Amino acid sequence: MAAASYLTSEDQFLCSICLDVFTDPVTIPCGHNFCKDCITEHWDRSDRCQCPMCKEAFNTRPDLRVNTFISEMVAQFRQSAQQKASSSSSSSEQQVFKPAEVPCDVCTETKLKALKSCLVCLTSYCETHLEPHLTKSGLKRHQLIDPVENLEDRMCPKHDKPLELFCKTDQTCVCMLCTVLDHKMHDVVPLKEGYEGKKAALGKKEARIQEMIQKRQLKIEEIQHSVDLSKEEADREIAEGVQVFTALKESVERNLNEFIQTIEEKQNMRMKRAEDFIKELEQEISQLKKRSAKVEQLSRSEDHLHVLQGVQSLNIQHPSPTKDWTKVSIPPSSYEGTVVRAVVQLEETLSKEMKKLLEADVRRVQRYAVDVTLDPDTAYPTLILSDDGKQVSDGGVEKNLPENPERFSEANSVLGKQSFSSGKFYFEVQVKGKTEWDFGVARESINRKREVTLNPEEGYWAIWLTKGFEYEALDAPLVLLSLKSRPKKVGVFVDYEEGLVSFYDVDAAALIYSFTGCSFNGKLFPYFSPGLKYGRKNSAPLIISPVRVT
């Protein structure tokens, strides 16, 4: 097939099959002329050997030879057309093509920017050279597209024909010859139809991709939001910790200063008293020394009258009264109890600050309160559940209930309906009036068909009250808990990612016990056991209470 363009309307140089200028023109017995490749491929696809123009049939396929006369005429025509096109383009004001643009394939000297590419001619044309495709009847039927490079890629590499069909069976672009040779009986449609189908599929795929992108962007926002919340919480914790430790530090420094001041004041008082005693003693010594000097002087005198008169003036028989210093003393300093009292005072301060800290901690975990209800499908047959699923007690009599995999068969226990596999959650349980109970959280995978062993290795994180007065954390081994008061309401807080389960005395704002470094696999469920009822003893229910921030 020819790959050229021209500027005249010399229809005698056009092949009636490809509608382009002859390439290797041949004349068949009926006198009509065709491109050698065009007529050969036409007869290859046809059941009969006949002329495409006049339909004259031939018994045997004619031996095709190039018509040298017509071939020379076509060559002269091509040269003339190119000269005219070159002359026209040189005087045109069309835009010269730039890098990244498609040049006109016909321009021989200054390459102009192509306006269109022809899928039949496999040639790109500038405005001047495109004119025949817009005005000549034979070329108007050619398919024009926006200019593209590498038009040869649009040719079938096997048959050198335009790829104008799409094989849906093999999902590939094919030419007309492919449909009767390699893709016979395949589902073949025009390129436009295949394009529209693929475009619709691409649209759906793009929508799915955009949806995936949006979900991932939302996940990024979710993660970033989580990080921001975590930072805010960390900053808040740091601020609260700094405040508490600053108060403790100030309290310690204040108590230390008060302790030192007390010791120094006592020492200063003793020093002042001692100084006063010493001063008084020194005054008496001075007076006594003066008297002693007068007495010594009189005792040396031989004048009877002078001695008698001097003794009378000294009143030696009745000396001036002095203090009885035998009863005066400065006992050694005694500071017993001073340090103890200072430490006790510090402990009271620490207790107050600890109380504030625990109250803030309880308020913090209460922000993660969730609504928990009991799941009757898991309840041991002797348990009685309230209609709202908030209370459970031991009825003492085993009911006839359907056996199912979720139900406890050997322990009077029940799980909550709600499960948690991430994040933080908190709930509160009223235990007032009970002498036995145990509760906490449990893995979904716990064995519910045998005696329950309450410890983390078996999938339970719980505490209990037993014997009416002993509180224990059901760790491995058991941890005996020393509580200042009997809790009436217990809060349970879980941080799944942190691996933390904490129990609080809500009313006292006190931490009862924490399981740390826990390994949670899968879902966690709230776990409850009201204990056994003995007559009227321990008949009170466990009650899941609404959380009220204190």
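First, a word on what this report is: a plain description of the structure on this page. (Residues numbered from 1 in each chain as written. Predicted model: local features only at pLDDT ≥ 70, side-chain atom pairs only at ≥ 80, totals over all residues. Heavy atoms only, no water.)

1. Let's talk about the overall build of the protein chain
For step 1, the next point in the chain: Each helix and strand counted, the protein chain has eight helices and 21 strands in total.
For step 2, the next point in the chain: In terms of overall dimensions, the protein chain has C-alpha extents of about 195 × 90 × 35 Å along its principal axes.
For step 3, the next point in the chain: Buried positions account for 35% of the 550 residues belonging to the protein chain.
For step 4, the next point in the chain: Considering only contacts within the protein chain whose residues lie at least 6 apart along the sequence, 56% involve residues at least 24 apart.
For step 5, the next point in the chain: Approximately 33900 Å² of the protein chain is accessible, and the part contributed by carbon and sulfur atoms is 52%.
For step 6, the next point in the chain: The average position of the 73 basic charges and that of the 83 acidic charges among the side chains of the protein chain differ by 4 Å. (Helix = DSSP H or I, 4+ residues; strand = E, 2+ residues; numbered from the N terminus. Buried < 20%, exposed > 50% of the residue type's maximum accessible area, 1.4 Å probe, protein only. Contact = heavy atoms within 4.5 Å. Areas by Shrake-Rupley, 256 points an atom, 1.4 Å probe, with all protein chains shown as cover. Lys, Arg positive; Asp, Glu negative; His and termini not counted. Charge placed at Lys NZ, Arg CZ, Asp CG, Glu CD.)

2. Structural notes on helix 1 (residues 36-45)
An α-helix turns once every 3.6 residues. As a result, residues three or four positions apart point the same way.
For step 1, the next point in the chain: Buried within helix 1 are the following residues: C38, I39, E41 and W43.
For step 2, the next point in the chain: Considering only its buried residues, helix 1 is in contact with strand 1 (25-27), strand 2 (33-35) and helix 5 (176-180).

3. Side note on the nonpolar core
For step 1, the next point in the chain: In this structure, W437, F439, V501 and F528 are the most contacted members of the largest nonpolar core, which totals 46 residues.
For step 2, the next point in the chain: Considering every element that reaches this core, the biggest residue donor is strand 14 (residues 460-466), with five residues.
For step 3, the next point in the chain: When near neighbours in sequence (up to four residues on either side) are disregarded, F439 contacts V429, V431, W461, A462, I463, V490, V492, F503, Y527, F528 and L542.
For step 4, the next point in the chain: Residues F34, F58, L64 and F77 belong to the second largest nonpolar core, which totals 20 residues. (Core = buried A, V, L, I, M, F, W, Y, C linked by side-chain atoms within 4.5 Å.)

4. Focus on the pairing of strand 19 (residues 510-515)
For step 1, the next point in the chain: Both strand 18 (residues 500-505) and strand 19 contribute to a ladder of five bridges, which runs antiparallel. From the neighbouring strand, D505 faces strand 19, where its bridge partner is A510.
For step 2, the next point in the chain: Connecting strand 18 to the antiparallel partner strand 19 that follows it, the hairpin turn spans four residues, and A509 within it adopts a positive phi of roughly 50 degrees. (Pairing = 2+ DSSP bridges.)

5. Considerations on the packing of aromatic side chains
For step 1, the next point in the chain: The full count for this structure, using the stated rule, is 13 aromatic pairs.
For step 2, the next point in the chain: Here Y496 and F520 contribute two aromatic rings whose centre-to-centre distance is 5.3 Å and whose plane-to-plane angle is 45 degrees, an arrangement assigned as tilted. Taken together, the positions of Y496 in the loop between strand 17 (489-495) and strand 18 and F520 in the loop between strand 19 and strand 20 (524-529) put the pair 24 residues apart, joining distant regions of the chain.
For step 3, the next point in the chain: Judged by its relative accessible area of 13%, Y496 is buried. (Phe/Tyr/Trp six-rings, centres within 6.5 Å; stacked < 30°, edge-to-face > 60°.)

6. With respect to the side chain of S251
For step 1, the next point in the chain: Positionally, S251 belongs in helix 6 (residues 191-300).
For step 2, the next point in the chain: Every residue in contact with S251, bar those within four places of it in the chain, is listed here: L346 and T349.

7. Re the sheet that holds strand 6 (residues 165-167)
For step 1, the next point in the chain: Reading across from one edge, 7-6-8 is the order of the three strands in this open sheet, with antiparallel pairing throughout. At either end of the open sheet lies a strand with only one pairing partner, and these are strand 7 (172-174) and strand 8 (188-190). Along the sheet, successive strands turn relative to each other by an average axial angle of 35 degrees, direction set aside.
For step 2, the next point in the chain: Where strand 6 and strand 7 come together, three bridges link them in antiparallel fashion. By the bridge assignment for strand 7, C167 is matched with T172.
For step 3, the next point in the chain: Packing of helix 6 onto the sheet brings it into contact with strand 6, strand 7 and strand 8, and relative to strand 8 it is tilted by some 95 degrees. (Axes fitted to C-alpha atoms, helices over the stretch in contact; angles between N-to-C directions.)

8. Description of helix 6
For step 1, the next point in the chain: The end-to-end C-alpha distance of helix 6 is 156 Å, a good match for the 164 Å that 110 residues give at a rise of 1.5 Å each.
For step 2, the next point in the chain: Listed in full, the buried residues belonging to helix 6 are G194, E233, G241, V244, L248, S251, N255, I263, F277, E284 and L298. (Expected span 1.5 Å × (residues − 1).)

9. Overview of the sheet that holds strand 14
Consider a sheet: its strands pair through backbone hydrogen bonds, and that pairing is either parallel or antiparallel.
For step 1, the next point in the chain: Judged by pairing direction, the sheet is antiparallel, and its six strands sit side by side in the order 11-20-13-14-15-16 without closing on themselves. The open sheet has two edge strands with one neighbour each: strand 11 (414-415) and strand 16 (479-481).

10. Notes on unusual backbone geometry
For step 1, the next point in the chain: Omega for the peptide link from A476 to P477 comes to 5 degrees, which places this bond in the cis form.
For step 2, the next point in the chain: By the secondary structure assignment, P477 is in the loop between strand 15 (470-473) and strand 16.
For step 3, the next point in the chain: Phi is positive for Q171, close to 55 degrees, though the residue is something other than glycine.
For step 4, the next point in the chain: Along the polypeptide, Q171 turns up in the loop between strand 6 and strand 7.
For step 5, the next point in the chain: Phi at A509 is positive, roughly 50 degrees, even though this residue is not glycine.
For step 6, the next point in the chain: On the basis of relative accessible area, A509 is assigned to the buried category, the value being 6%.

11. With respect to the pairing of strand 18
For step 1, the next point in the chain: When you tally the buried positions in strand 18, you get six out of six residues, the bulk of the element.
For step 2, the next point in the chain: Burial along strand 18 is two-sided: the residues L500, S502 and Y504 and V501, F503 and D505 are all buried.
For step 3, the next point in the chain: Taken together, strand 17 and the strand that follows it, strand 18, pair antiparallel across an intervening segment of four residues, in which G499 is found at a positive phi of about 70 degrees.

12. Some remarks on the pattern of salt bridges
Should their charged atoms come close, side chains of opposite charge can pair.
For step 1, the next point in the chain: Summed over all chains, the structure comprises 20 salt bridges.
For step 2, the next point in the chain: Among the ionic pairs, K449 bridges to E403, the shortest N-O distance being 2.4 Å. With K449 in the loop between strand 13 (437-443) and strand 14 and E403 in the loop between strand 10 (391-394) and strand 11, this residue pair connects regions lying 46 residues apart in the sequence.
For step 3, the next point in the chain: Given the relative accessible area of 34%, K449 is considered partly exposed.
For step 4, the next point in the chain: The closest approach of N and O atoms between R450 and E458, which form a salt bridge, is 2.9 Å.
For step 5, the next point in the chain: Accessibility expressed as a relative area gives 32% for E458, which makes it partly exposed. (Salt bridge = Lys/Arg side-chain N within 4 Å of Asp/Glu carboxyl O.)

13. Some details on the side chain of N412
For step 1, the next point in the chain: Inspection of the secondary structure assignment puts N412 in the loop between strand 10 and strand 11.
For step 2, the next point in the chain: Residue N412 is classed as buried on the basis of its relative accessible area, which comes to 12%.
For step 3, the next point in the chain: In terms of polar contacts, N412 uses its side chain to reach the backbone carbonyl oxygen of G531, at 3.1 Å.
For step 4, the next point in the chain: Those residues in contact with N412 that sit more than four places away from it in its chain are Y380, T382, L383, D394, F528, S529, P530, G531 and L532. (Polar contact = N/O pair within 3.5 Å; in protein donor to acceptor, adjacent residues only side chain to side chain.)

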